[in-house]
Amino acid sequence: MEDDRIGEGLRNILHRLWTINMNDLSLSDDSYVEDSVDNIKSVTVDGIPIRKLFIGNIAQRTTHKDLERLFSNYGKLDSCYLKRNTGKSNYAFVTFHSIDDALKASKDGLRKRIHLHNRDLRVMPADSWHQPDSIENQNKKLQKSPDGKEMSTDYILNEDAEIHKLNDDCLMHVFSFLPIADRVKVERVCRRWLNVSQESWRTFKKLNLTQTTWGFQCETYGLREIDTPTLRKVLLRCGQFLTHIDFSTFAEKLSSSTLTVVGRNCPNLQGIDVTALCVSPAGIKSLTENCSNIMEFSLGHCSSSCDNDLSNLFSKNKKLRYLKLVHNSITGKCLLSLPVESIETIILEECTNISPCHFFNVVPTFEKLHTLSLEKCVSFNDQAVKAISLCSKSLKVLRLCDYYPMIKLNTMSQLAELVNLESLNVSLNVLIQDKFLTVIGTQCKQLTTCHSVTNEGLAAITSLPKLQHLFINYLGKITDEVLTDMPNLRTMECRGCPNLKDQGLSTLIEESQHIELLDLSGCNHISNELIEVAIKSTKNRTNNVILKMFVGDTSVQHSKITKVSPLLQVLNVDLSEPYLRPDFDHDEYDFFPDDYDMDDLDDIDDYDPFLATDDDDDDYDINFGQNINDDNF
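What comes next is a walk through the structure. Keep in mind that this is a model prediction, so the values were computed, not measured.

1. Considering the overall build of the protein chain
Logical step 1: Broken down by element type, the protein chain carries 19 helices and 19 strands.
Logical step 2: Taking as baseline every contact in the protein chain between residues at least 6 positions apart, the subset at least 24 positions apart corresponds to 64%.
Logical step 3: Accessible surface, the protein chain as shown: approximately 34,800 Å² in total, 48% of it carbon and sulfur.

2. Focus: the nonpolar core
Logical step 1: The biggest cluster of nonpolar side chains holds 115 residues, and the ones touching the most others in it are Phe297 and Met549.
Logical step 2: Inspection of this core shows a minimum of three residues originating in each of domain 2 (163–201) and domain 3 (453–592).
Logical step 3: For Met549, the residues in contact, after removing those within four places along its chain, are Ile509, Leu518, Leu520, Leu530, Ile531, Ala534, Leu568, Gln569, Val570 and Leu571.
Logical step 4: With 20 residues, the next largest nonpolar core counts Phe96, Ala105, Ile114 and Leu116 among its residues.

3. Considerations on the packing of helix α12 (residues 281–290) against helix α13 (residues 307–316)
For any two helices packed against each other, the geometry comes down to the angle between their axes and how far apart the axes lie.
Logical step 1: Where α12 contacts α13, the axes come no closer than 9 Å and their chain directions differ by 20 degrees. As summarised for this structure, α12 and α13 are arranged roughly parallel, according to the angle between their axes. Considering only the axes of α12 and α13, their crossing is left-handed. Residues Pro281, Ile284, Lys285, Leu287, Thr288, Glu289 and Asn290 of α12 form the contact with α13, whose participating residues are Asp309, Leu310, Asn312, Leu313 and Lys316.

4. Details of the packing of aromatic side chains
Logical step 1: Evaluation of the coordinates by the stated rule reveals nine aromatic pairs.
Logical step 2: Ring plane angle 75 degrees and centroid distance 6.5 Å describe the contact between Phe297 and Phe314, whose orientation is recorded as edge-to-face. One end of the pair, Phe297, is in strand β8 (residues 296–299); the other, Phe314, is in helix α13, and 17 residues separate them in sequence. The same class applies to Phe297 as to Phe314, namely buried.

5. Examining the environment of Ser379
Logical step 1: Looking at the secondary structure, you find Ser379 in the loop between β11 (371–375) and α15 (382–389).
Logical step 2: Judged by its relative accessible area of 14%, Ser379 falls in the buried class.
Logical step 3: On a C-alpha basis, the gap between Ser379 and Ile354 in space is 6.3 Å, while along the polypeptide they are 25 residues apart.
Logical step 4: With residues near it in sequence (within four places) discarded, Ser379 still touches Cys351, Thr352, Asn353, Ile354, Pro356 and Met406.
Logical step 5: Looking at Ser379, its side chain comes within polar contact range of the main-chain oxygen of Ile354, at 2.6 Å.

6. Description of the pattern of salt bridges
Logical step 1: One pass over the full model with this rule turns up 13 salt bridges.
Logical step 2: For Arg192, the salt bridge goes to Asp168, with nearest N and O atoms at 2.9 Å. Separated by 24 residues along the polypeptide, Arg192 in helix α8 (residues 191–200) and Asp168 in helix α6 (residues 168–175) bring together distant segments of the chain.
Logical step 3: Residue classification places Arg192 among the buried positions, given a relative accessible area of 6%.
Logical step 4: For Asp168, a relative accessible area of 35% puts it in the partly exposed group.
Logical step 5: Among the salt bridges present, the one from Glu187 reaches Arg237, with a minimum N-O distance of 3.0 Å. Placement of Glu187 in the loop between α7 (180–186) and α8 and of Arg237 in helix α10 (residues 228–238) is noted, with a sequence separation of 50 residues between them.
Logical step 6: Where salt bridges share partners, they join Asp108, Arg111 and Arg113 into one cluster.

7. Quick notes on the packing of α6 against α8
Logical step 1: Interhelical geometry of α6 versus α8 gives an angle of 60 degrees and a closest axis separation of 9 Å. Overall, the two elements α6 and α8 adopt an arrangement that is oblique. Between α6 and α8 lies a crossing of right-handed hand. Contacts between α6 and α8 involve Asp168, Leu171, Met172 and Phe175 from the former and Arg192, Trp193, Val196, Ser197, Glu199 and Ser200 from the latter.
Logical step 2: Tallied by class, residues from the contact of α6 with α8 come to five nonpolar, two polar and three charged.

8. Topic: the state of the cysteines
Note on terminology: a disulfide is the covalent bond linking the sulfur atoms of two cysteines.
Logical step 1: Summed over the entire model, instances satisfying the criterion amount to zero disulfides.
Logical step 2: Not engaged in a disulfide, the cysteine Cys306 finds its nearest cysteine sulfur in Cys302; these two sulfurs lie 3.1 Å apart.

9. Description of the side chain of Arg541
Logical step 1: Along the chain, the position of Arg541 falls in the loop between α19 (528–539) and β18 (547–550).
Logical step 2: Despite its burial, Arg541 pairs with no opposite charge, the nearest such side chain being Glu516 at 7.7 Å.
Logical step 3: Engagement of the side chain of Arg541 in a polar contact is seen with the backbone oxygen of Ile515, the distance being 3.2 Å.
Logical step 4: There is a polar contact of 2.9 Å between the side chain of Arg541 and the backbone oxygen of Val545.
Logical step 5: Residue contacts for Arg541: discarding those within four places in its chain leaves Ser512, Gln513, Ile515, Ile546, Leu547 and Leu567.

10. So, the environment of Ala102
Logical step 1: Relative to the assigned elements, Ala102 resides in helix α4 (residues 99–110).
Logical step 2: Between the C-alpha atom of Ala102 and that of Pro49, which follows or precedes it by 53 residues, the distance is 10.0 Å.

11. Quick notes on the sheet that holds strand β2 (residues 77–83)
Logical step 1: Taken in spatial order, the four strands make up an open sheet running β2-β3-β1-β4, and their pairing is antiparallel. Of all the strands in the sheet, just β2 and β4 (122–125) have a single pairing partner and so form its edges. Taking each pair of neighbouring strands and ignoring which way they run, the sheet shows an average axis angle of 20 degrees.
Logical step 2: As paired elements, strand β1 (residues 52–58) and β4 share four bridges and run antiparallel to each other. Within β4, the position partnered with Ile55 by the bridge is Val123.
Logical step 3: Along the sheet, helix α3 (residues 64–71) contacts β1, β2, β3 (90–96) and β4; its crossing angle with β2, the most-contacted strand, is approximately 140 degrees.

Conventions and cut-offs
- Residues numbered from 1 in each chain as written.
- Predicted model: local features only at pLDDT ≥ 70, side-chain atom pairs only at ≥ 80, totals over all residues.
- Heavy atoms only, no water.
- Helix = DSSP H or I, 4+ residues; strand = E, 2+ residues; numbered from the N terminus.
- Contact = heavy atoms within 4.5 Å.
- Areas by Shrake-Rupley, 256 points an atom, 1.4 Å probe, with all protein chains shown as cover.
- Core = buried A, V, L, I, M, F, W, Y, C linked by side-chain atoms within 4.5 Å.
- Buried < 20%, exposed > 50% of the residue type's maximum accessible area, 1.4 Å probe, protein only.
- Domains from an automatic or database assignment.
- Axes fitted to C-alpha atoms, helices over the stretch in contact; angles between N-to-C directions.
- Parallel < 35°, antiparallel > 145°, perpendicular 65-115°, else oblique.
- Left-handed = near helix turned anticlockwise from the far one by under 90°.
- Phe/Tyr/Trp six-rings, centres within 6.5 Å; stacked < 30°, edge-to-face > 60°.
- Polar contact = N/O pair within 3.5 Å; in protein donor to acceptor, adjacent residues only side chain to side chain.
- Salt bridge = Lys/Arg side-chain N within 4 Å of Asp/Glu carboxyl O.
- Nonpolar A, V, L, I, M, F, W, Y, C, P; charged D, E, K, R; others polar.
- Disulfide = S-S within 2.5 Å.
- Lys, Arg positive; Asp, Glu negative; His and termini not counted.
- Pairing = 2+ DSSP bridges.

Structure below.
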């Protein structure tokens, strides 16, 4: 009966959807196209006049003359270039003599009025750097005197200006401290400053998208976001000197062609981080053709499958030692092309399509692999765990976090073969149980960092002689009894652990003279008794190591702390997340307060939940143990 009611409900919904008048919901196709046509501009986003158009969806039989004949109907042509691609779609560039003629062709292309050989041609403005009136294309024409010789570079200076008394080397040093926006502006002062500024780019080695680097400011909207045409203009000046680029943030306005621009203008790159970009295979191909000294490579989402292109890139860059792939759809085939002799660090985050077979075949062959970080690679199975265990000689840092539904519980014990392991992070991994931690504590005596899970297994971990960093956040079954004997401990996080008390932690502070950080946020049984022990113990320290304690949302009352120690900092800061605590009652927690009415959103004309960005939401790092020094990841 229940299934019948559900089926009847679905039929009613479909009937209502079928009877909706679509004209009441949106504009007709013709109206939408006309609105888009009205928005077509005669200049690019950076103000370059549009005379060159990109033509796509060209039939194989189409010739150069066919295109010339077709587009000549809109006006005089300066040039027409047809590129034939074997196995791929052909494309062309048509350059008009007049901006107005190009604009008319663009509008007809959007209206789908340009046909050739039974195809609707795709017509759109070419990128700004392809436009014939762009600055870089104008600069390609060398300025020469009428007799054919290069023009003189003598300067006419105002001798009274104090700044002109500085020689070129001093000016170049001054310019090196300027942000990018100011470096470009000084080129307009005089010819001498133009040449000195251009020469100063030789010292510019690293590029990112931060405000400090670019110097763009906007009082209303904050940092001005960099777009691809602007970036390209800067790369034309400094690209050949760059060794590192970092596009891991502030990349919202960078298009998928950005990596292509980077590859063509930055041949000497050694470090590349484009995790914030949506990259096309053409961009990776551009890197392969122009860059052969890449040692660090971080890649985010790709617009389509890029295994083959990455394989070519890895094969060419024999010195690659660091690889990070985030939200990528690779199958893992490209990993087979990584340089076996040089790769040292591999980080894979949310790469859900990697084949365990490819992973098994390649990872054990890496001779120098010392850091392996895996997070939410849900396609991994027991074969992947076996591959990790075969890296026993070199692997020192292992991160195996989050959910792995295809890995069996008893398979995890194979990781105990990593006898040289120094750091283990298994945050939010439900496969980690006491038996696993006991085996790890017995076999991996080199461990200095561990993100642990339960109390019984914790006893084996705390017995490690070289343990320096311990992270046991949001665990409901551990107590302070097993935390007393860790003489080499330096940092410990135990946020939101409801059963931790003063007694065991007091012994820990007294015995561990090198401990620098103790985060007890959300441990509500911690009281002023522990603070008094910490004050007395740190006063007796002879190594001058300062202990920093976080005691937010505990029972510590700061008004009752009457004594102080020069080597103790007590911070009433809560770094824990209440909803991650094991004793948190999700049923009673009100995620939507009474004064927040979802129906009110219907009255807000500008709100569209499908266009809302992630920036509107709070960012939470859900992790049993977040390493304080996270440089390795």
